[in-house]
Amino acid sequence: MPDFNIIVFLCNWGPHAAFQTLQDQCADIPREIKMIRIPCSGRITKALLLRSFEMGADGVLLLGCKPGSCRYGSGTQSARDNTSGTCRILDLMGIGAERLQLGNVLPDQPQALLDFLKDFTSRIRKLGRSPVARRPLIDDQAIPADLTPAAIVAAHDVYACQDCGKCTSACSLALAGKPYSPRDLANRIIAGQADDPDVRQAVNACLTCGVCYERCPSAVNFPEFIRSMRTYYHSRQLAEAPTHGGFFQSMMRAMTADELVPRRWQDLPEKIHTSSGKGDILFFGGCAPYFDIFFSKFLGVQTDRILEDSLRLLNFFDVQPVVMENEVCCGHDLLWTGDRENFLRLARRNARAFAETGASELITACPECYRTLRHDYPEHGVTLPLTVTHIHTFLEREIDKGAVGFKPLGRTVTFQDACRQSRFEDQADLPRKLLARMTGTPLAEMPESGKGAVCCGNSAWTGCDAYSKALQVKRLTSARQTGGDLMLTACPKCQIHLRCAMEDTMRASELQIETMDLVSAIAQCIYWESV
């Protein structure tokens, strides 16, 4: 019989007292149980629950107090919310919601606790090992010879910096009030201070939005320099903790397990037509469904709608794309937080999966996925057997053929540029071409737009702080001042981050503006013109 690992988080109050009684009685506690004593079940976040599976758990139990008996008031409800959301994500990932369970135990219920532990252990034995538990871990932590600060500085020609300060004067974080200077950071790393804690923090704080690179007269690619420095820190286990407890990075690392079979595209509306076999065009959805579940309680985001509307538009143009039920993340966030090893594992897994579909073209609605699949994969030695196209390019190509009209959207819109599209891909004009085709939909531009647009405040789930919030507030204020009543976006993360800022309890009424992805706006008003 294989060894199983079952992590049991035990609240310090009721459940732990019952467990301690079992230990005192030398009860027959299943040997698979690994107990972790915690102050309150409400403190165990979605990130900690998922991290347990990433680290090899076959099952996880979260045991808290009975409703109404929590010493901290809201712990029981928080535990219920976190467990429910994580179960939905585990199901979508292919790990299985049945491997995670919440329980409530009083101090005087040791026998009930023992029965609960035995029942759960029996269930996990029948399920077998978790597919993530068989994922090979990285053992070699040696730093490659070319991965040193000096080599990274040379590779990105950071010595070419003229110390002119244009990067700092344009930096989104600096404009938000943060004492942050790309040129100062570059100078300190050149001077051999890369391992100073404040330098590491500054490297992590960078938004990698690309404005500095856009303004640099010496063409120093500061975002890619930052990415390489993060890889250096990650290789030395010195990487800064990502936001949201590292939930999304943990999810992506778990997806590198070949045995993991996600359950994507299960709930598409009946009117959307796709193929799960082979075909010429493959649609790649990205992580939007996971975002919607993770942020559902606080933000109510609907980034999954972007995928549905993209598929509706593909159907509108007589395309029934292939979708992969076992689709995993592209790895963008792993690469940009320094985890190059697991990024490559995801890239190779995706390359194999894409080849099996027989598709000649891949279409994605996410600018980060587009950038990663089209450029970062081949730059890291992973060649894809197809052409990567952004949905905006596909739509412009098809609409330009004619016979297509648009009903008035009936709104005055402003547009939030996606950094990976406007600057990294030099395609700031593309969404505006599509907007210009939408007759009767006036565009009210913000002062900073196109290549000079201000970032939404975060990238790759790293470096989020009060200055990121200030940046988001500034952006929302600019959007409101245009007089527009709808802000269109081109990246799911822009929607998430800006909606997060709208939750500000002090200024919520000043920041509210409806958001919608450009793809959804087009899907809402496009039609075939009668001949």
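Look above for the structure.
Here's a quick rundown of the structure.

Cut-offs and rules
- Residues numbered from 1 in each chain as written.
- Predicted model: local features only at pLDDT ≥ 70, side-chain atom pairs only at ≥ 80, totals over all residues.
- Heavy atoms only, no water.
- Core = buried A, V, L, I, M, F, W, Y, C linked by side-chain atoms within 4.5 Å.
- Buried < 20%, exposed > 50% of the residue type's maximum accessible area, 1.4 Å probe, protein only.
- Helix = DSSP H or I, 4+ residues; strand = E, 2+ residues; numbered from the N terminus.
- 1 Å grid on protein atoms, 1.4 Å probe; cavity = no way out; pocket = protein on both sides within 12 Å on 5 of 7 lines; lining within 4 Å.
- Points joined across faces, edges and corners; volume = space filled by probe spheres on them.
- Nonpolar A, V, L, I, M, F, W, Y, C, P; charged D, E, K, R; others polar.
- Phe/Tyr/Trp six-rings, centres within 6.5 Å; stacked < 30°, edge-to-face > 60°.
- Lys NZ or Arg CZ within 6 Å of the ring centre and 35° of its normal.
- Pairing = 2+ DSSP bridges.
- Axes fitted to C-alpha atoms, helices over the stretch in contact; angles between N-to-C directions.
- Contact = heavy atoms within 4.5 Å.
- Parallel < 35°, antiparallel > 145°, perpendicular 65-115°, else oblique.
- Left-handed = near helix turned anticlockwise from the far one by under 90°.

## A short note on the nonpolar core
For step 1, the next point in the chain: By size, the foremost hydrophobic cluster in this structure holds 69 residues, and its most contacted members are Met 93, Phe 248, Met 251, Met 255, Phe 295, Phe 354 and Leu 373.
For step 2, the next point in the chain: It is helix α16 (residues 340-357) that contributes the most residues to this core, 7 residues altogether.
For step 3, the next point in the chain: Counting 52 residues, the second largest nonpolar core, distinct from the first, contains Val 404, Ala 418, Val 473 and Ile 522.

## Looking at the layout of surface pockets
For step 1, the next point in the chain: For the second largest pocket, the calculated volume is near 560 Å³.
For step 2, the next point in the chain: Around the second largest pocket sit 28 residues that line it, and Lys 46, His 244, Phe 294, Phe 295 and Phe 298 are the ones nearest its centre.
For step 3, the next point in the chain: Elements supplying a minimum of two residues to the lining of the second largest pocket: α2 (46-54), α3 (75-93), α13 (288-294), α21 (466-481) and α22 (492-501).
For step 4, the next point in the chain: Top contributing element to the lining of the second largest pocket by residue count: α3, with 6 residues.
For step 5, the next point in the chain: Broken down by class, the residue content of the lining of the second largest pocket amounts to 11 nonpolar, 12 polar and 5 charged.

## Points about the packing of aromatic side chains
For step 1, the next point in the chain: Scanning the entire structure with this criterion turns up 19 aromatic pairs.
For step 2, the next point in the chain: Ring geometry for Phe 284 and Phe 354: centres 5.8 Å apart, planes at 90°, overall edge-to-face. Within this pair, whereas Phe 284 is found in strand β5 (residues 281-284), its partner Phe 354 is found in helix α16, the two being separated by 70 residues in sequence.
For step 3, the next point in the chain: Taking 5.7 Å as the distance between ring centres and 80° as the angle between the ring planes, the aromatic pair formed by Phe 317 and Trp 528 counts as edge-to-face. Taken together, the residues span a long stretch of sequence, with Phe 317 in the loop between α14 (304-316) and α15 (332-336) and Trp 528 in strand β12 (residues 526-528) at a distance of 211 residues.
For step 4, the next point in the chain: Using a relative accessible area of 43% as the deciding quantity, one classes Trp 528 as partly exposed.
For step 5, the next point in the chain: Among the aromatic residues, those joined into a ring-pair cluster are Phe 247, Phe 248, Phe 291, Phe 294, Phe 295 and Trp 461.
For step 6, the next point in the chain: A cation over an aromatic ring shows up here: Lys 46 above the ring of Phe 294, its NZ or CZ 5.1 Å from the ring centre.
For step 7, the next point in the chain: The ring centre of Trp 336 lies 4.5 Å from the NZ or CZ of Arg 420, which sits over that ring.

## What about the sheet that holds strand β6 (residues 361-364)?
For step 1, the next point in the chain: Across the sheet, 3 strands lie side by side as β5-β6-β7; this open sheet has parallel pairing. Of all strands in the sheet, those bounded by a partner on one side alone are β5 and β7 (387-390). Recorded for the sheet is a direction-independent mean angle of 30° between the axes of neighbouring strands.
For step 2, the next point in the chain: Packed on one face of the sheet, helix α17 (residues 367-379) meets β5, β6 and β7 and runs near 160° to β7.

## Focus on the side chain of Thr 86
For step 1, the next point in the chain: Counting through the fold element by element, Thr 86 comes out in helix α3.
For step 2, the next point in the chain: A residue is classified by how much of its surface remains accessible, and Thr 86, at 1% relative accessible area, is buried.
For step 3, the next point in the chain: If we skip the residues at most four places from it in the chain, Thr 86 touches Lys 46, Leu 49, Leu 50 and Leu 100.

## Regarding the packing of helix α9 (residues 197-205) against helix α11 (residues 222-235)
For step 1, the next point in the chain: Interhelical geometry of α9 versus α11 gives an angle of 130° and a closest axis separation of 9 Å. As judged from the angle between their axes, α9 and α11 are oblique. As for how α9 packs across α11, the hand of that crossing is left-handed. Judged by residue contacts, Val 199, Arg 200, Val 203, Asn 204 and Ala 205 of α9 engage Ile 226, Met 229, Arg 230 and Tyr 233 from α11.
For step 2, the next point in the chain: Classifying every residue of the contact of α9 with α11 gives 6 nonpolar, 1 polar and 2 charged.

## A look at the packing of helix α8 (residues 182-190) against α9
For step 1, the next point in the chain: Two numbers describe how α8 lies on α9: the axes approach to 11 Å, and their chain directions differ by 135°. When the axes of α8 and α9 are compared, the pair comes out oblique. For the pair α8 and α9, the crossing hand works out as left-handed. Here Leu 185, Arg 188 and Ile 189 of α8 come into contact with α9, specifically with Asp 198, Val 199, Ala 202 and Val 203.

## Some points on the sheet that holds strand β11 (residues 514-517)
Think of a sheet as strands paired side by side through backbone hydrogen bonds, with each pair either parallel or antiparallel.
For step 1, the next point in the chain: Spatially, the 3 strands line up as an open sheet ordered β9-β10-β11, and their pairing is parallel. Each edge of the sheet is formed by a strand with only one pairing partner; in this case those strands are β9 (413-416) and β11. On average, each strand axis in the sheet is tilted by 30° relative to the strand beside it, whichever way the strands run.
For step 2, the next point in the chain: Bridge count for strand β10 (residues 486-489) against β11 is 4 bridges, and the pairing is parallel. Bridge pairing in β11 links Thr 489 to Asp 517.
For step 3, the next point in the chain: Running at roughly 170° to β11, α22 makes contact with β9, β10 and β11 of the sheet.
For step 4, the next point in the chain: Seen against the sheet, helix α24 (residues 518-525) touches β9, β10 and β11 and runs at an angle of roughly 80° to β11.

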